[in-house]
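Below, each chain spelled out in residue letters.
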Amino acid sequence: MSSKVELALKARSSSRDNLISYLRDLETEARIACDRRQTIQIIASGRSLLGDRTTLPPHDGPFSRM
């Protein structure tokens with residue numbers, strides 16, 4: 001995850017936008033299915049480093065109320 005974010009920080013903004021979109025989708029899935037809070041935090045941190053300040057809505061899952 002960190003290597004993808006590092007590469008995107010050095011790349012064009014369109015690459016960044018694609019990775020942000022991917023990470024949003026991944027975080028949504030993780031909030032539903034994952035049982036490790038750290039996984040969600042890592043994904044959210046990657047989005048933040050890329051400049052994404054979007055707040056994802058809560059979902060029904062173990063960490064839906066983060």
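For the structure itself, consult the block above.
Residues numbered from 1 in each chain as written. Predicted model: local features only at pLDDT ≥ 70, side-chain atom pairs only at ≥ 80, totals over all residues. Heavy atoms only, no water.

## A closer look at the pattern of salt bridges
The final tally for this structure, using the stated rule, is four salt bridges. One salt bridge connects Arg31 with Glu27, and the closest N-O pair in it is separated by 3.1 Å. Here Glu27 and Arg31 lie together in helix α2 (residues 13-33), a separation of four residues that amounts to about one turn. For the pair shown, Arg31 and Glu27 are each scored as buried. Arg47 is the salt-bridge partner of Glu27, the closest N and O atoms lying 2.7 Å from each other. In this pair, Glu27 sits in helix α2 while Arg47 sits in helix α3 (residues 37-49), placing the two residues 20 residues apart along the sequence. The exposure class of Arg47 is buried, given its relative accessible area of 5%. A single network of salt bridges, built from pairs that share partners, joins Arg24, Glu27, Arg31, Arg47 and Asp52. (Salt bridge = Lys/Arg side-chain N within 4 Å of Asp/Glu carboxyl O. Helix = DSSP H or I, 4+ residues; strand = E, 2+ residues; numbered from the N terminus. Buried < 20%, exposed > 50% of the residue type's maximum accessible area, 1.4 Å probe, protein only.)

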